[in-house]
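Residue-level structure breakdown
So the chains spell out like this:
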Amino acid sequence: MMKTPLSPFQSLMVVIASFVVASVINIYPMGLEASLLRPMALIMVLIFWLIFKPKYVGVVTAFTIGIISDLLLDTRLGQQAFAAVIMAFCVRFLGQYIKELNLSMAWGVATIALIVFQVILWSVQYLTQNIFFANALFSLLISIVTWPLVFLSLNRFILRY
């Protein structure tokens, strides 16, 4: 069965709706132990759209999502935004060299992007606040493992030619 293309407005609405759902997942109240295992949903969705819809999602969007993430997660303003922008540049750089993206290739790019995001965030937090939140490693690992769920959920909105 052939997919019908989404209009530019519909595509933009899907992107916005996915960010809203991801932000709800990021702030949904959980117990302390469970919250350590919460994936970085907003960043995972950002990576997906950076890979598959670079026309709609770029560095400015990454900065905006980072600022929103800073506000939602109560981190110092600009920390996650800086990490998201650096990560977006890395995804754009890798995207230039990858022509055929299937699940395994996209998962590899997403894994690199998630690691870059978390290492930059750790570095910025350590340099500015002298803290190192090692428990974020669990969230990073859960995000890497569950990224295919983001791919499978949002992949239906991408038209392949």
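Just above, that's the structure.
Counting restarts for each chain, with residues numbered from 1 along the sequence as it is written. For this predicted model, a pLDDT threshold of at least 70 governs which residues receive local features, and a threshold of 80 or more governs which side-chain atom pairs are given and counted, while totals over whole chains, interfaces and linings are taken from all residues. Heavy atoms from the whole structure form the basis of all side-chain values; hydrogens and water molecules are not counted.

Structural notes on the overall build of the protein
For the purposes of this entry, the term helix denotes a DSSP run of H or I that reaches at least four residues, the term strand denotes a run of E that reaches at least two, and both are numbered from the N terminus. Each helix and strand in the protein was counted, giving seven helices and zero strands. What you see in the protein, going N to C, is helices and strands ordered as α-α-α-α-α-α-α. Two things to know: the radius of gyration comes from C-alpha atoms, and the globule rule equals 2.2 Å times the number of residues to the power 0.38. Taking 15 Å as the expected radius of gyration for a compact globule of 161 residues, we find that the protein reaches 15 Å, a close match to that expectation. Along the first, second and third principal axes, the C-alpha atoms of the protein reach 50 × 35 × 25 Å. Only protein chains enter the accessibility calculation, which uses a 1.4 Å probe. A residue is then buried if its area is under 20% of the maximum for its type, exposed if over 50%, and partly exposed in between. Taken across its 161 residues, the protein has 40% of its residues classed as buried. Computing the positive centroid from 9 side-chain charges and the negative centroid from 4, the protein places the two 16 Å apart. The charged-residue count follows a simple rule in which Lys and Arg add positive charge and Asp and Glu add negative charge, with His and chain termini not counted at all. Where a charge lies is defined by one atom per residue type: Lys uses NZ, Arg uses CZ, Asp uses CG and Glu uses CD.

So, unusual backbone geometry
At Asp74, a residue that is not glycine, the phi angle is positive and equals roughly 60°. With respect to the element layout, Asp74 can be found in the loop between helix H4 (59-73) and helix H5 (79-95). Residues other than glycine seldom take positive phi values, yet Asn130 does so here, at roughly 60°. Considering the arrangement of structural elements, one finds Asn130 in the loop between helix H6 (103-129) and helix H7 (136-154).

Comments concerning the packing of helix H1 (residues 8-27) against helix H3 (residues 41-52)
Running from N to C, H1 and H3 point in directions that differ by 155°, and their axes come no closer than 7 Å. The angle between H1 and H3 falls in the class roughly antiparallel. On H3, the residues that touch Val14, Val15, Ser18, Phe19, Ala22, Ser23, Ile25 and Asn26 of H1 are Ala41, Leu42, Val45, Leu46 and Trp49. Throughout this entry, Asp, Glu, Lys and Arg are counted as charged residues, while Ala, Val, Leu, Ile, Met, Phe, Trp, Tyr, Cys and Pro are counted as nonpolar. The remaining residues, Gly among them, count as polar. Residues of the contact of H1 with H3, tallied by class, amount to ten nonpolar, three polar and no charged. Between the N-to-C directions of two axes lies an angle of 0 to 180 degrees, each axis being a line fitted to C-alpha atoms and, for a helix, fitted only over the stretch in contact. These descriptions rest on fixed angle ranges, namely under 35 degrees for roughly parallel, over 145 for roughly antiparallel, 65 to 115 for roughly perpendicular, and the rest for oblique. The contact criterion used is simple: two residues touch if any of their non-hydrogen atoms lie within 4.5 Å.

Looking at the packing of aromatic side chains
Pairing of aromatic rings covers Phe, Tyr and the six-membered ring of Trp, with a centre-to-centre limit of 6.5 Å; geometry is then stacked below 30 degrees between planes, edge-to-face above 60, and tilted otherwise. Applying the stated criterion across every chain yields a total of eight aromatic pairs. Look at Phe48 and Phe52: their rings are 4.8 Å apart centre to centre, the planes differ by 40°, and that puts the pair in the tilted class. Highlighted residues: Phe48 and Phe52, both in helix H3, separated by four residues, approximately one helical turn. Given the relative accessible area of 13%, Phe52 is considered buried. Their ring planes at 70° and their centres at 5.3 Å tell us that Phe93 and Tyr97 sit as a pair that is edge-to-face. Residue classification places Tyr97 among the exposed positions, given a relative accessible area of 59%.

Side note on the side chain of Asn26
Following the sequence through the fold, Asn26 ends up in helix H1. For Asn26, a relative accessible area of 7% translates into the label buried. Those residues in contact with Asn26 that sit more than four places away from it in its chain are Arg38, Pro39, Met40, Ala41, Leu42 and Leu73.

Topic: the environment of Thr4
Looking at where Thr4 falls in the secondary structure, it is placed in the segment before H1. The exposure class assigned to Thr4 is exposed, which follows from its relative accessible area of 66%.

Quick notes on the side chain of Ser18
Tracing the chain through its elements places Ser18 in helix H1. Residue classification places Ser18 among the buried positions, given a relative accessible area of 9%. For this analysis, a polar contact is any N or O atom pair within 3.5 Å, provided that within protein one partner can donate a hydrogen and the other can accept it, and provided that sequence-adjacent residues contribute only side-chain to side-chain pairs. Only 2.7 Å separates the side chain of Ser18 from the backbone oxygen of Val15, close enough to count as a polar contact. At a separation of 2.7 Å, a polar atom in the side chain of Ser18 contacts the side chain of Trp49. Excluding its chain neighbours within four sequence positions, the residues that come into contact with Ser18 are Val45, Trp49 and Leu154.

These figures capture arrangement, not role.
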